[in-house]
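Given next are the chains, with one letter for each unit.
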Amino acid sequence: MTEKNEGEILKEKLFNKRESGWKSKGEEEKNTIFEYAKGYIEFMNNSKTEREIVINSKKIAESNGFKDISEYNTLSAGDKVYYVNREKSMYLAVIGTENIEEGINIIGAHADSPRLDLKPNPLYEDSEFAYLKTHYYGGIKKYQWTAIPLAIHGVIVKSNGEKIQVNIGENENDPIFTITDLLPHLAQEQMEKKLKEGIAGEDLNLLIGNIPYPEETTEAVKLNILNILNQKYGITEADLLSSEIELVPAMKCRSMGLDSSMIAGYGQDDKVCVYTGLTSLVDLKEIPSKTAVCIIADKEEIGSMGNTGMESHVFDTFIAEILNKLGVNKPNLLEKVFCNSKMLSADVDAALDPIYANVSERNNASYLSRGIALNKYTGARGKTGASDANAEFVATIRNIFESNDIRYQIGELGKVDVGGGGTIAYILANKGIDVIDCGVPVLSMHSPYEVTSKLDIYEAYKGYTAFYKNK
Ligand code: MN
Ligand code: MN
């Protein structure tokens, strides 16, 4: 082996080394990473919508000793509680040993992902095909949603309150559905269009049937479909008015690559942070010093509005309820708690994709497998709309990660003026909480099949654990 020269030694000391995290992982740690990924993949395959995430997160929480906060009259250190908000968002907490006035540690992820929702009057027939009309949810590239297998998930609520759970297309024996695209032979005109205009929003119609009802009548295919729905669920067309049906890719989340280093799956934005945030909380072995809180938010992809979005005050009410049940509440205590609190806004980051490297700035891009990715700020065009974490807080988080041997990288989303994005960070920062975006880098974000690195997922789990344990 050749000796390192002085320059190389100095470089090692002074440069911020940025390289693949896999290089430093031994066989044993690699196995741990792969094992953790299996649990994540299983969670993903049972949790494609925010409602399913909440159901399964509640199961995980309860099997780890968490109870609905309403079951407690008083709270003390070590108690584990949760609150489910309208079946679509959820907050969990482990009460810490320290005076809560000193602040809490929060990890906040979101359960909703881009998808196609059914319109209120979705069902129609055209040329002996039955279709469901959709209105897309969140930022999608519409052309990615044609000619792929889709599943139907959601709820139909009858006017008498009876709720029907729908899930078709996930079991091997289920039918799947698809949105058709034009054959290239006849697509000359379509192919001349701009990519964003190639498929129109109003053309994202789900093909669901082709057999007419046997008796002679008009709209016989639609009638046959309604008859099937009526026999299966006891519903009529009007019941679809009060439904929330989401179309999601009917593709399984899978281990990816010949080296199995990655995971491909729908909705990893932001279920990957839900899973890592949730498991790091429920796996805490010792009672944390600071009360540890996990947020699973809804509606992030469409602006966090509404009573299940982060902009609602339901989260404040949950924390106030904790203060009440601790028996410490007093005027303005909630605001004070928030001002002393820290948060990791656990949301995915756009990883550098070498095929599309021209939108990234290599010195400040996140890379797959280099660990959990932090964004000091988000926003676009001169940081507009950004929630910008203080240098002091970034240093605190660096210290937590460095002293716990967590692989991390700090960057920003894309080149200056190329685009931008936002998360729930600013909403919590507005309450006075120190917040930084901190999540897993993703390729093909918002597509029906997003890609992550198993290493980053495990580093997120470890990083969130270290954050919760921080005093
Ligand atoms: Mn997100
Ligand atoms: Mn997103």
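Parameters and conventions
- Residues numbered from 1 in each chain as written.
- Chains lettered and ligands numbered in written order.
- Predicted model: local features only at pLDDT ≥ 70, side-chain atom pairs only at ≥ 80, totals over all residues.
- Heavy atoms only, no water.
- Domains from an automatic or database assignment.
- Contact = heavy atoms within 4.5 Å.
- Buried area = accessible area lost by both parts, 1.4 Å probe.
- Salt bridge = Lys/Arg side-chain N within 4 Å of Asp/Glu carboxyl O.
- Polar contact = N/O pair within 3.5 Å; in protein donor to acceptor, adjacent residues only side chain to side chain.
- Nonpolar A, V, L, I, M, F, W, Y, C, P; charged D, E, K, R; others polar.
- Core = buried A, V, L, I, M, F, W, Y, C linked by side-chain atoms within 4.5 Å.
- Buried < 20%, exposed > 50% of the residue type's maximum accessible area, 1.4 Å probe, protein only.
- Helix = DSSP H or I, 4+ residues; strand = E, 2+ residues; numbered from the N terminus.
- Donors = N, O, S within 2.8 Å, 3.2 Å for Na, K, Ca; no water.
- Pairing = 2+ DSSP bridges.
- Axes fitted to C-alpha atoms, helices over the stretch in contact; angles between N-to-C directions.

Caption draft 1: Here's a closer look at the domain arrangement of the protein. Structurally, the protein comprises domain 1 (18–109 + 266–469) and domain 2 (115–249). Between the C-alpha centres of domain 1 and domain 2 there is a distance of 33 Å. Contacts between the two partners involve 16 residues from domain 1 and, on the opposite side, 16 residues from domain 2. Carbon and sulfur atoms supply 48% of the area buried between domain 1 and domain 2, which totals about 1400 Å² over both sides. With a shortest N-O distance of 2.8 Å, Lys 163 and Glu 87 are connected by a salt bridge. Scanning the region where domain 1 abuts domain 2 turns up nine residue pairs in polar contact (both at pLDDT 80 or more). Classifying every residue of the side of domain 1 that touches domain 2 gives three nonpolar, three polar and ten charged.

Caption draft 2: Fine view of the nonpolar core. Judged by nonpolar contacts, the single largest core of 56 residues is most densely connected at Leu 92, Leu 281, Leu 344, Ile 397, Phe 401 and Tyr 464. Counting residues per element, this core draws most heavily on helix 11 (residues 454–469), at nine residues. Residue contacts for Phe 401: discarding those within four places in its chain leaves Leu 344, Ile 372, Leu 374, Ile 406, Tyr 408, Cys 438 and Gly 463. Listed in part, the 33 residues of the second largest apolar core include Leu 150, Ile 164, Tyr 233 and Val 248.

Caption draft 3: Layout of the coordination of the manganese ion (ligand 2). Bound to the manganese ion (ligand 2) are the protein donor atoms Asp 269 (OD), Glu 301 (OE), Glu 301 (OE) and His 446 (NE2), situated 2.1 to 2.6 Å from the metal. In primary sequence terms, the donor set of the manganese ion (ligand 2) follows D-x31-E-x144-H. Between the manganese ion (ligand 2) and the manganese ion (ligand 1), the interatomic distance is 3.3 Å, and Asp 269 donates to each metal, bridging them. Taken together, the positions of Glu 301 in the loop between strand 13 (292–297) and helix 7 (314–326) and His 446 in the loop between strand 21 (441–442) and strand 22 (450–453) put the pair 145 residues apart, joining distant regions of the chain.

Caption draft 4: Summary view of unusual backbone geometry. Cis rather than trans, the peptide bond between Asp 269 and Asp 270 has omega equal to 10°. Take Asp 270: it is sitting in helix 6 (residues 268–282). Look at His 446: it is not a glycine, yet its phi comes out positive at around 70°.

Caption draft 5: Spatial organisation of the pairing of strand 18 (residues 408–411). Here strand 18 shows a buried face lined by Gln 409 and Gly 411 and an unburied face lined by Tyr 408 and Ile 410. Pairing between strand 16 (residues 372–375) and strand 18: four bridges, direction parallel. By the bridge assignment, Ala 373 is partnered in strand 18 with Gln 409.

Caption draft 6: Fine view of the sheet that holds strand 22. The strand order across the open sheet built from three strands is 11-12-22, with neighbouring strands paired in antiparallel fashion. Edge positions in the sheet fall to strand 11 (254–256) and strand 22, since each of these pairs with one other strand and no more. Across the sheet, the mean angle from the axis of one strand to that of its neighbour is 35°, orientation sign disregarded. Here strand 12 (residues 262–265) pairs with strand 22 via four bridges, running antiparallel. Counterpart to Ala 264 in the pairing with strand 22 is Val 451. The strands touched by helix 6 are strand 12 and strand 22; relative to strand 22, the strand with the most contacts, the crossing angle is about 35°. Helix-sheet contacts for helix 11 involve strand 11, strand 12 and strand 22, and the interaxial angle to strand 22 is about 65°.

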